Every structure is written in C-alpha cells, then in structure tokens.
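# Per-entry structural report
Listed below, chain by chain, are the residues.
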Amino acid sequence: MSFRALLFSSNFPKSPPETISTRTKPSPTRCLIRSPVNSPHGCRLSRLSATEGRRRRSGKVYADVREIADSLRELVKFGDSLNGAVASEDDLDSAVPWWEQFPKRWVIVILCFSAFLLCNMDRVNMSIAILPMSAEFNWNPATVGLIQSSFFWGYLLTQIAGGIWADTVGGKTVLGFGVVWWSIATALTPVAAKLGLPFLLVVRAFMGIGEGVAMPAMNNILSKWVPVAERSRSLALVYSGMYLGSVTGLAFSPFLIHQFGWPSVFYSFGSLGTVWVALWLNKAYSSPIEDPELLPQEKKLIVTNCISKQPVKTIPWKLILSKPPVWALIVSHFCHNWGTFILLTWMPTYYHQVLKFNLTDSGLICVLPWLTMAFSANLGGWIADTLVSKGLSVTTVRKVMQSIGFLGPAFFLTQLSHVNSPAMAVLCMACSQGTDAFSQSGLYSNHQDIAPRYSGVLLGLSNTAGVLAGVFGTAATGYILQHGSWDNVFEVSVGLYLVGTVVWNLFSTGEKILD
C-alpha cells in the first residue's frame, strides 16, 4: 500500500460526535512527528492519541483532527511534486546516451590508437604484397630493397617538421593531414606500380611523409588532453595500436591477396582512412579548451592536471638543445630503436636460417612479438601510472620503466646463444620484445614530462635519431652477417642497450625543464 493510500485510510470523523462523556479530564491531543533530513514540510504521523480515558464533548477535537488531516493533505501534495522533480532529473540523466558520458579525453586516446593501427596496417602490407608484385614486374632483390627503403625517405623528412607544425597549429590538423595523406598514397600504390618504378618510389616516399607527422602530432594533442596521472597508460594504448596494426596487416594481407589480388590490399586499407577522418573531424579538438561539448567537470580535471598550454609561436632551438635531458632522450631513442628495428626486420631471416622454420611458420611466429609488445606496453603503462598516483616521483618511474626497456631485451638476447631448442629461442625473442615495450612508459612518455609545450618537436628530434638507427642498424646487420654471425648482431644490440641505460639514468628527468 502506498503512503498516500495508507495515510487517507485513517478513519477520521466526518462530523462531530453527538455526545462525549466528560467524567475524566482529557489529556491534550498529541501528534508525534518525524521530519526527514532536508525536508521542511515532510513529516509522518507516527501516532495520534486523541484521549486518555474519556474526552469532553466538544467540536474542538473534530477541529484539531481536521487541522491534522488538512496538513497531511498538503504534505502529500508537496511529496508528489518533489517525487516528480526527482523523477524528472532521473529521466534527464537516463536520456543522455552512455557514449556521451564516456570521458572525452579517452575518446581522443582511442582515436589516436586507431590512427596508429591504420598507420602500421598501411606500412606492413607492402612487406606481404612485394612478393607477388616482384614476380609480376620482374624486380630483382636490389630493386625490392630500394622500394622498401623509399618509405623512410619521406618518413625522415617530416619528423621534426611535423613536430614544429603540431606545436604551432595544433595536433588535430596535423594528425588529420597525416592520415589523409598516407591513405591516399596507399590507395595510389597499385596505380603507381603499373606506371613504373619511379612513380612507385615517389608514392612510397609520400606515404612516409604522411606517417612521419603522426607521432609528433599525437604527442602534442595528448599533452593537452591527458592528465599527468594517466599519461603512461594513454601513450601505451596508443603505441600498442602500432603493434596490433602490424598483426592485423600481416593477418589480412595474405587473405586479400589470395582472394582478390595484390592491389586489393592497398585499396581496402587505404579506404579505411576516410572512415577515421570523418570521426576525427567530428569528435576531436586540439585542446580541451576548444571543445564546446566537453563537460565542465572533465574540462576542470584536464585543465588543472595538464601542464601544456596553447600552441607556441616560435621554437627556442638553442634552449632546447642546451638541455642534457633532451640529449638523453635523443641518444636513448637511438639505442632503443637499433635493437627494436633489427628484431622486427631481421627476425624472419633468423627464424629461417637458425631455427630452420619454413616460410609459413616464420610468418606466423613473427606475429608473436607484436602481440607480446601490445600486452606488455599496456601493462607497463598501468604500472607506471599507479606508481605515480602512489606518490613516487615521475623521474623515478621513468628511469625504472626505461631501465626495464633496456636491460630486459639485453638479458634475453644474451640467452639466445645458450638455448638449444627453437621453442626456447622464440620464447627469448618474445620476452625481449615484451620488456622492450616498457619503454612506452619511459622515454616515449618523457617528452611530455620535460617540455609539454614542445613535446611534438622533442619527439620529432628523438624519433629522427630512432629512424636513423633503424636505417643504419638494418644495413649494418647485413654487413655483420656477411662477415660474422648472429651472435655478433646481438652483441652490438646489447652493447647499445647498455649505453642507453647509463645515459638515461645519468641525465634524464621527469620534471619540466622547458616552459
């Protein structure tokens, strides 16, 4: 029974009683009322005792009871209106879709993640499609190598330029440009290949130009959107998009080539960029201040916990290059990428020559390091952010995470010469790449720590060194294998990992050094 029904079921007299004995002196009428918190009118009739003994004959009792009934009726009307107001607020909350209540900063992170997923999908598809393409166009190994390297021509050109552009005009514009540019270049690859080798080389270099601005632009936009306490796991998620993009590209490219021919890989992968761009233009903003749909609570959280300001107008190159932590980033990025690029480009050859896997097994095993890196990068990000939230200094967290990213791969690579089974060798490789991914919470997060306003420029500088390490390291590995062994290849990588560890722990910091 509802409160209203229960209340008005009381048998209040409808008219004054005819006679009431007055032998005994009546006690006063009592109403015990309980008032709920924050309700000035709210009360509940707990007990109504009209008389003790016999009451005197009077219309006063009727009047008193009538007063109480009228008050209770007013109370119920107030309660109904209050319940209606509460119901209206509940209906308003339930009317807001769940996706609009999702934190906007993590929408930006997920969009950046998907951009990097597309980035590596479009990059690795050539490594699969080059086999039927070389057969169709009669390319020799030297030509194949030239085509594969042409991507880095453009990629090197736009690292620093992309950082300057992102820091001055905003990350939304630059990342959107990059995705559109490399998607068009991807879709034009079959046309360029049929026109001739020079056209293909130009298109691949153009693709590198588009992908070269992605990292600096992403770093810039996240420095404005993500609070310090969430920085490591947000960057780890975004970079894991690259690893999963490689897995996706390696998994779907053979199927598409088999079913529809090698051009289908470039057409289908390139067209996905249009979907991403439509979402990006509709949902993304370079900073939370520019977003008119951002909820006030989230805007306050971001603005009070992010230290990046508005885009800069000039880049203080002399000041930037005079800081030891900046050079620690550049040197460490070079040392890190030397080993990473070697493992990711030469491992199929290692599996085939040393472990005696056939081509199919080697292709499947090559996916394992990418999956391991995707998992451990996110694990490292959550660990790093948890340590920061527990009160550990950002400097300590960055040094610990990057030390794992250096010493872990160094240790597991030294074990390769002592293992006898292919399974153990693959396990060592997976562990090496898994610990390598902890660098996402080390040096890859440090650009935003030390210079949030110039994070795009810093990433452009350090990643240029990283790309050069990949180019030189890949070429040097071929030379070493021609005159030495795989043990010599791993020894060089281990040595650079150790150099990076020393430089990083001596000169890096998690404190802001440039405003």
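What counts, and where the lines are drawn
Note that residues are indexed from 1 along each chain, following the sequence as it is written. Per-residue local features are limited, in this predicted model, to residues with pLDDT of at least 70; the limit for side-chain atom pairs, both in listing and counting, is 80 or more; totals at the level of whole chains, interfaces and linings are taken over all residues. As a rule here, side-chain values cover all heavy atoms of the structure and leave hydrogens and water aside. Basic side-chain nitrogens of Lys or Arg form a salt bridge, by our definition, when they fall within 4 Å of a carboxyl oxygen of Asp or Glu. For helices the rule is a DSSP run of H or I covering at least 4 residues; for strands it is a run of E covering at least 2, with both sets numbered from the N terminus onward. The buried label applies to any residue whose accessible area, calculated with a 1.4 Å probe on protein chains only, is under 20% of its type's maximum; exposed applies above 50%, and partly exposed to all values in between. Among buried residues, those of type Ala, Val, Leu, Ile, Met, Phe, Trp, Tyr and Cys that are joined through side-chain atoms within 4.5 Å constitute a nonpolar core. What fixes the domain bounds is an automatic or database domain assignment. Every residue pair with non-hydrogen atoms within 4.5 Å of one another is taken to be in contact. Cysteine sulfurs are considered disulfide-paired once they come within 2.5 Å of each other. Think of a polar contact as two N or O atoms within 3.5 Å of one another; within protein, one of them needs to be a possible hydrogen donor and the other a possible acceptor, and neighboring residues in sequence only count if both atoms come from side chains. Like-charged residues within 9 Å of one another, or nonpolar side chains (Val, Leu, Ile, Met, Phe, Trp, Tyr) within 5 Å, are grouped into patches, provided each residue has over 30% relative accessible area and no salt bridge. To measure how exposed things are, a 1.4 Å probe is used in the Shrake-Rupley method; for residues, cover is taken only from the protein chains shown. Each Phe, Tyr or Trp ring (for Trp, its six-membered ring) is paired with any other whose centre lies within 6.5 Å, and the angle between the two planes then decides the class: stacked below 30 degrees, edge-to-face above 60, tilted in between. Consider the ring centre and the ring normal. A charge sits over the ring if Lys NZ or Arg CZ is within 6 Å of that centre and within 35 degrees of that normal.

### Points about the pattern of salt bridges
All chains considered together, the criterion is met by seven salt bridges. Across the pair Arg105 and Glu230 runs a salt bridge, and its minimum N-O distance is 2.8 Å. You can see Arg105 sitting in helix H4 (residues 104-137) and its partner Glu230 sitting in the loop between helix H8 (214-225) and helix H9 (231-260), a full 125 residues away along the chain. In this structure, Arg105 and Glu230 share a single accessibility class: buried. Residues joined in a network through salt bridges with shared partners are Arg105, Glu230 and Glu298.

### As for the nonpolar core
What tends to happen in soluble globular proteins is that the nonpolar side chains get buried as a cluster. Of all hydrophobic cores here, the largest spans 110 residues; its most connected members are Leu222, Tyr350 and Phe490. Looking at which element gives the most residues to this core, the answer is H4, with 14 residues. Looking at which domains feed residues into this core, each of domain 1 (99-308) and domain 2 (319-514) gives three or more. Sequence-distant contacts of Phe490, that is, excluding residues within four places in its chain, are made with Leu343, Met347, Tyr350, Leu413, Leu416 and Met429. Core analysis: the second largest hydrophobic core is formed by six residues, Ala384, Val394, Val397 and Met401 among them.

### Here we look at the state of the cysteines
On inspection of all chains with the given rule, the structure shows zero disulfides. No disulfide involves Cys431; its sulfur sits 6.7 Å from that of Cys428, the nearest cysteine. Since its relative accessible area comes to 26%, Cys431 is described here as partly exposed.

### Quick look at the environment of Gly210
Along the chain, Gly210 falls in helix H7 (residues 197-212). With a relative accessible area of 0%, Gly210 lands in the buried category. Sequence separation between Gly210 and Leu175 is 35 residues; the distance between their C-alpha atoms is 8.7 Å. Once residues lying within four places of it in the same chain are set aside, the contact partners of Gly210 are Gly178, Trp181 and Trp182.

### Details of the side chain of Thr435
Looking at the secondary structure, you find Thr435 in helix H16 (residues 422-436). Using a relative accessible area of 17% as the deciding quantity, one classes Thr435 as buried. Only 2.9 Å separates the side chain of Thr435 from the backbone oxygen of Cys431, close enough to count as a polar contact. Among the polar contacts made by the side chain of Thr435, one reaches the main-chain carbonyl oxygen of Ser432 at a distance of 3.0 Å.

### Focus on a nonpolar patch on the surface
Nonpolar side chains collect at one region of the surface, where Val180, Ile184, Leu188, Val191, Leu195, Phe199 and Tyr267 lie side by side and expose about 640 Å² of accessible area between them. Mapped onto the secondary structure, Phe199 falls in helix H7. On the basis of relative accessible area, Phe199 is assigned to the partly exposed category, the value being 47%.

### Looking at the environment of Leu355
Structurally, the position occupied by Leu355 is in the loop between helix H13 (324-353) and helix H14 (359-389). Take Leu355: its relative accessible area is 10%, and that puts it in the buried class. When the C-alpha positions of Leu355 and Ala423 are compared, they lie 9.0 Å apart, and in sequence the two are 68 residues distant. Beyond its immediate stretch of four places on either side in the chain, Leu355 contacts Tyr350, Pro422, Ala425 and Val426.

### Points about the packing of aromatic side chains
Both the distance between ring centres and the angle between the ring planes are used here to describe each pair of aromatic rings. If you walk through the whole model with that rule in mind, you get 18 aromatic pairs. Taking the centre distance of 6.0 Å and the plane angle of 45° together, the rings of Phe334 and Trp338 count as tilted. Of this pair, Phe334 and Trp338 both sit in helix H13, separated by four residues, roughly a single helical turn. Here Trp338 falls in the buried class, since its relative accessible area comes to 11%. Through a chain of ring-to-ring contacts, three or more aromatic side chains come together here, namely Phe137, Trp139, Trp262 and Phe266. A cation sits over an aromatic face here: Lys172 above Tyr285, 4.9 Å from the ring centre.

This is a description of form; function is not addressed.
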